[in-house]
Amino acid sequence: MRSRALVLAYAIPPVLAFVLAFVGLTVADETSVVGATSSVTVSLNGAARSNRIVAGAITRVAVEHHATVVRMVADRADPDGRRTALVTDAPGTLGERWLRDGYPDFSRAVSTRVRPVSDLDRVDPTGTYELFGDDAARHDLVRAFDSVGYRATTELTPALARLGIGDTVDGTLGLVGVLVLGSATACLVATVGSPRRCAVPRLHGQSTVRILGQELGALRTSAAVALVGAPLVGVGTWVVNGAAQWPALVAASALLCAALLVPVLLAHATGVLLACRRPLVDALRGSRPPGGVVGLAHAARLAATLLLVAAVSGLVGAEVVARTSGAERDLRAAGTAVQLWITPDPRPIGSQAYWDRLGRFVGGALQDHDALLTALKEVSTGEGGAGVSALFVDAEYLRLQDVRAVDGTRIRAGATPTVWLPERSSLDPDALVGSLTDWDFRDRPAAATEDVTVGRLGTPELWTYPDGGRVRGWVDDAVLVVVPTPATMFSADQLGSWLSTGDVVFRDRARAERAIHAAGVGSEISAVVDVGQAAAETARGAGRTVVAQSAAVVSGAVVAVALAVLATSAHRRRHGRARFAKTVAGVHPVRADADLLAVEVVSVAVAAVAAGAAWSRLRPDATWQVSTLDPLTQTATPAALLAITAAMAVSLVSTGIVLGTARGTDRTRGDGAR
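Residues numbered from 1 in each chain as written. Predicted model: local features only at pLDDT ≥ 70, side-chain atom pairs only at ≥ 80, totals over all residues. Heavy atoms only, no water.

## What to know about unusual backbone geometry
Step number 1: Even without being a glycine, His66 presents a positive backbone phi close to 55 degrees.
Step number 2: With phi around 65 degrees, His369 is a residue other than glycine that occupies positive phi space.
Step number 3: Tracing the sequence through the fold places His369 in the loop between α14 (352–367) and β8 (371–380). (Helix = DSSP H or I, 4+ residues; strand = E, 2+ residues; numbered from the N terminus.)

Printed below as a string of structure tokens:
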């Protein structure tokens, strides 16, 4: 008869493999092209030829090598939800099929329109191209770009990465770790901890090799799960995405299942071999489990508790990011404002002229009231090494956002900078103004900061026009710094940097497009994005993380309890007679089970230390290594408390198991070995 622990240990890998494969392909499909054999990254190199000539060079390589070249271009209006695939159409290739039938999007969150590569004349040709072809096609494609004035670098895509293996979300590794740990420990406890399993076949003359083969027949459980689950998975994927990329999904699931089964098989085989080395007479009598197995079960329980703490902390952080991104209140505050996305690498980010050019563009837009400043950063308070969040804004921000002073009057920009402190702030105004003048306003004209005034805010929260989850959308502890003329107060380099981080936003899409065209910086701007679009993408990624972390939390709790059951059971079988002797001698139950209860205390203590370490890493301090602008800093305390609470809940359940098994041990007089 197969042990229930073994059945569960072999049932987990195929289920987990499918989940990992599905998540990996989803992430891979949303960020690149599934199945591409290599990628070529292109940047400007001297006198480039026209885009039409570039498209012709790409097409010639594709036709000559019977390959497909793909350039994914984000939709400016919705760069995270819509994209265009510019593909070659060599006969009999994937590109020809996609132009005819459409691109098979695996993720429902992305919609891909397929166009011929000749449409490259409408976009910037620099960027990344995905190639479906051999090495000869890859090298010829690099030479083709070189011939038309572009520098190209190439990189092979690993075979596993083509299937999405390795692309994952936060929390997945914890989920894998806790489930594999539980499965491997269950195999060891079910074999070494139950010596009669292998003793009876040995009594009938079976060799160790034959017993090992019979035990590893538990693989049939994994096969049964796969056979039963395959039709259900097929129907589910057909409903979700029309069974797109199903060969990649099947291959990735099979490879991951094999990889996840390796530690389970090793643990099971090790347990069988160790059990077969036990003296036959002792094993048939029901010899006590070795102390090492008992210790291993307890150690695995502690490891599962640590993984549970990490999963709870990750879940709280992902939930906060998901909730602070794309809320209805945020969309109302954002209005029609848009952010500009800078063209991704390769770009000359090391060139001062590059940032000065962007800065001059930003300065002109601010002076024309097409854009507004909303830069949230940490500044020195002027007192020791302490820092405080400060939101730098201009007159246009105050026109769009209703910000009030403590007396109820609406705040407007004056002729000189104004610093507004939170109503209950204890900061020294003079020290703060001095710090701002000496450092943050260091590039201003001398007369611009001669009369900096200070006031008290009445508005409890300020809207920051956030760029995704990088900063909080609403801040209640920030100093408001009103800068009437940011184009003259800050350097071009600073303004260009703020544009790249989303701290300068445009009032609407039409003004942004007009300013980009007038300044001739279209090649530097990859997208014009509604404020909240980046936050929506962050929320979508956080939503996936919430699911993964939730699964890790549930799995961690279940595995921790299951390992507590296994550890307690093994402990009772090893020390049951001693426990019964203590009961007969009148020892108090708590003292009789002091060793098991000590494990619970240690488990909670270890969880508290781990949670405290995570808390300290997220809390801002005088070193400024952790930013107060990061939304995750707000989750440090609740995450630590919830993690400790989860560990205590598992420990309480385990304590109940200890008390419950104590009565059974006493009834059998400690003779529970088998």
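## Looking at the nonpolar core
Step number 1: Ranked by size, the top nonpolar core spans 56 residues in total, and within it Tyr10 and Cys187 carry the most contacts.
Step number 2: For this core, the secondary structure elements donating two or more residues are α1 (4–31), α6 (172–191), α10 (246–276), α12 (291–323), α20 (533–584), α22 (594–618) and α23 (636–667).
Step number 3: In terms of residue count, the dominant contributor to this core is α1 (10 residues).
Step number 4: Setting aside chain neighbours within four positions, we find Tyr10 in contact with Cys187, Leu216, Ala218, Leu219, Thr221, Ser222, Leu261, Val264, Leu265 and His268.
Step number 5: With 41 residues, the next largest nonpolar core counts Leu358, Leu366, Leu373 and Leu499 among its residues. (Core = buried A, V, L, I, M, F, W, Y, C linked by side-chain atoms within 4.5 Å. Buried < 20%, exposed > 50% of the residue type's maximum accessible area, 1.4 Å probe, protein only. Contact = heavy atoms within 4.5 Å.)

## Observations concerning the pairing of strand β5 (residues 127–132)
Step number 1: Most of β5 is tucked away: 5 of the 6 residues are buried.
Step number 2: With 3 bridges joining them, strand β2 (residues 68–74) and β5 adopt antiparallel strand pairing. When the sheet's bridge partners are listed, Thr68 is paired in β5 with Phe132. (Pairing = 2+ DSSP bridges.)

## What about the packing of α1 against α10?
Between two packed helices, the angle of one axis relative to the other and the distance separating the axes together describe the packing.
Step number 1: Viewed as axis vectors pointing N to C, α1 and α10 meet at an angle of 145 degrees, and their least axial separation amounts to 8 Å. Of the two possible hands of crossing, α1 and α10 adopt the one that is right-handed. The residues of α10 that touch α1, namely those facing Leu6, Ala9, Tyr10, Pro13, Pro14, Leu16, Ala17, Phe18, Leu20, Ala21, Phe22 and Leu25, are Ala248, Leu249, Ala252, Ser253, Leu256, Cys257, Leu260, Leu261, Val264, Leu265 and His268.
Step number 2: Partitioned by chemical class, the residues of the contact of α1 with α10 number 21 nonpolar, 2 polar and no charged. (Axes fitted to C-alpha atoms, helices over the stretch in contact; angles between N-to-C directions. Left-handed = near helix turned anticlockwise from the far one by under 90°. Nonpolar A, V, L, I, M, F, W, Y, C, P; charged D, E, K, R; others polar.)

## Focus on the packing of aromatic side chains
Step number 1: Overall, the coordinates contain 13 aromatic pairs when judged by the stated rule.
Step number 2: Plain terms: the ring middles of Phe18 and Phe22 are 6.0 Å apart, the flat faces sit at 45 degrees to each other, and that makes the pair tilted. Separated by 4 residues within a single helix, Phe18 and Phe22 lie in helix α1, roughly one turn from each other.
Step number 3: Classification of Phe18 as partly exposed rests on a relative accessible area of 23%.
Step number 4: Using a relative accessible area of 24% as the deciding quantity, one classes Phe22 as partly exposed.
Step number 5: Relative to Phe490, the ring of Phe392 has its centre 6.1 Å away and its plane inclined at 80 degrees; by these criteria the two rings are edge-to-face. Taken together, the positions of Phe392 in strand β9 (residues 387–393) and Phe490 in the loop between α17 (486–489) and α18 (492–500) put the pair 98 residues apart, joining distant regions of the chain. (Phe/Tyr/Trp six-rings, centres within 6.5 Å; stacked < 30°, edge-to-face > 60°.)

## Describing the confidence of the model for the chain
Step number 1: Per-residue pLDDT for the chain averages 79, and the proportion of residues at 70 or more is 84%.
Step number 2: When pLDDT is averaged over each helix and strand of the chain, the minimum, 65, is found for helix α11 (residues 280–285) and the maximum, 92, for strand β15 (residues 504–506). (pLDDT = per-residue confidence, 0-100.)

## Brief notes about a nonpolar patch on the surface
Step number 1: A contiguous nonpolar surface patch, about 430 Å² in accessible area, is contributed by Val235, Trp238, Val239 and Val240.
Step number 2: Mapping Trp238 onto the fold places it in helix α9 (residues 219–241). (Patch = residues over 30% accessible without salt bridge, like charges linked within 9 Å, V, L, I, M, F, W, Y side chains within 5 Å. Areas by Shrake-Rupley, 256 points an atom, 1.4 Å probe, with all protein chains shown as cover. Salt bridge = Lys/Arg side-chain N within 4 Å of Asp/Glu carboxyl O.)

## Details of the layout of surface pockets
Step number 1: The calculated volume of the second largest pocket comes to roughly 870 Å³.
Step number 2: Elements represented by at least two residues in the lining of the second largest pocket include exactly α1, α6, α7 (196–203), α8 (208–215) and α20.
Step number 3: Element by element, the count of residues in the lining of the second largest pocket is highest for α20, at 9 residues. (1 Å grid on protein atoms, 1.4 Å probe; cavity = no way out; pocket = protein on both sides within 12 Å on 5 of 7 lines; lining within 4 Å. Points joined across faces, edges and corners; volume = space filled by probe spheres on them.)

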